[in-house]
Amino acid sequence: MWDALVDVAKKAHTAGLGEGAVPRPLIMPLVRGELIGMIWVRPLKVGQDALTGIAELSNIAAAARADEVVLAWETHDVATACELPIVGPAPCLNMVLSTRDGHVLHQFPYNEQLLSRSSDGWASVATDWSPAPAPQTGGELVPPIQAAVDYSFTPIELDHPDPFGVTVVLMEEDGYRVRLTEAFDR
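Computed from a predicted structure; not experimentally measured.

About the cut-offs
- Counting restarts for each chain, with residues numbered from 1 along the sequence as it is written.
- Residue-level local features of this predicted model are given only where pLDDT is at least 70; pairs of side-chain atoms are given and counted only at 80 or more, and the full residue set underlies all totals for whole chains, interfaces and linings.
- To obtain the side-chain values, all non-hydrogen atoms of the structure were used and water was disregarded.
- The convention used is that axes are lines fitted to C-alpha atoms, helices contributing only their stretch in contact, and that angles between N-to-C directions extend from 0 to 180 degrees.
- Going along the chain from the N terminus, every DSSP run of H or I of four or more residues is numbered as a helix, and every run of E of two or more is numbered as a strand.
- Any angle that is under 35 degrees is reported as roughly parallel, and any over 145 degrees as roughly antiparallel; angles of 65 to 115 degrees are reported as roughly perpendicular and all others as oblique.
- Left-handed describes a crossing whose near helix is turned anticlockwise from the far helix by less than a right angle; the clockwise case is right-handed.
- Two residues form a contact once any of their heavy atoms are found within 4.5 Å.
- Three categories are distinguished: nonpolar for Ala, Val, Leu, Ile, Met, Phe, Trp, Tyr, Cys and Pro, charged for Asp, Glu, Lys and Arg, and polar for the others, with Gly belonging to the last.
- The criterion is simple. A nonpolar core is a set of buried Ala, Val, Leu, Ile, Met, Phe, Trp, Tyr and Cys residues joined through side-chain atoms within 4.5 Å.
- We call a residue buried when its accessible area falls under 20% of the maximum for its residue type, exposed when it is over 50%, and partly exposed in between, using a 1.4 Å probe and counting protein chains only.
- Each residue gets a pLDDT score, which is the predictor's confidence in that residue and runs from 0 to 100.

Trainee: Hey, could you run me through the packing of helix α2 (residues 48-55) against helix α5 (residues 143-152) in this one?
Mentor: Geometrically, a packed helix pair is captured by the angle between its two axes and the distance between the axes. Contact pair α2 / α5: the axes reach a minimum separation of 8 Å and the direction vectors enclose 30°. On the basis of their axis angle, the class for α2 and α5 is roughly parallel. For the crossing formed where α2 meets α5, the hand is right-handed. Residues Leu51, Ile54 and Ala55 of α2 touch α5, and the partners they reach there are Pro144, Ile145, Ala147 and Ala148. A breakdown of the residues in the contact of α2 with α5 according to their chemical character gives 7 nonpolar, no polar and no charged.

Trainee: Help me out: how do you make sense of the nonpolar core in this one?
Mentor: One recurring pattern in soluble globular proteins: nonpolar side chains tend to sit buried together. One finds Leu71 and Trp73 to be the most contacted residues of the largest nonpolar core, which totals 33 residues. Residue assignment for this core shows that the elements contributing at least two residues are β1 (26-31), α2, α3 (58-64), β4 (68-74), α4 (75-82), α5, α6 (163-173) and β9 (177-180). When sequence neighbours within four positions are dropped, the list of residues in contact with Leu71 reads Leu26, Ile27, Leu57, Asn94, Met95, Val96, Ile145, Ala148 and Val149. The next biggest cluster of nonpolar side chains, apart from the first, holds 14 residues, and it includes Val6, Leu26, Met28 and Ala72.

Trainee: I'm lost on the confidence of the model for the protein in this one. Help?
Mentor: Interpretation of this model should avoid reading the predicted coordinates in detail wherever pLDDT is low. Taken over all residues, the pLDDT of the protein has a mean of 92, while the share at 70 or more is 98%. Mean pLDDT across the secondary structure elements of the protein bottoms out at strand β7 (residues 123-129), with 87, and peaks at strand β8 (residues 136-137), with 98.

Here's what the structure looks like:
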């Protein structure tokens with residue numbers, strides 16, 4: 001499953017950059033090894049809103065009582081949005097596999113090759129993936145990603161007959177892009 005998730009994330013990242021946009025941070029919660037879906041962060045404002053919006057990716061994992069989560073983000077993009085220093089390689093697709101017992105950080109650095117630039121300044125780039133460093137058990141995570149990891153395993157207590165369903169609806173209303181797998185679709 002891990003290799004499939006890495007492959008999907010790398011392909012989506014490459015496609016997004018080719019279209020002139022860095023893909024938004026993404027969470028992929030799993031229950032007993034089964035993927036719940038993919039949830040992309042809502043549109044963010046620089047600063048506190050970005051910190052909060054990324055941390056809130058955890059809501060759907062917590063509502064589903066996920067036992068594993070995978071988060072994916074781009075180093076420079078999250079640092080810029082959250083007004084944080086750049087930690088680790090950049091540009092780099094980062095993926096963290098987390099359980100209640102800990103996490104492993106995987107980094108996939110790449111070089112960007114300019115394909116084209118639009119008249120309004122948007123750049124379309126291709127990725128040239130570099131060799132990945134060894135996975136880091138307990139590797140340092142930027143604050144909003146660490147918060148998303150931590151809160152993913154803190155159960156959400158909602159007085160509602162379907163806490164998962166209502167969480168999905170509320171997140172969609174807030175602008176998160178939610179794509180559930182067939183097994184978890186409402």
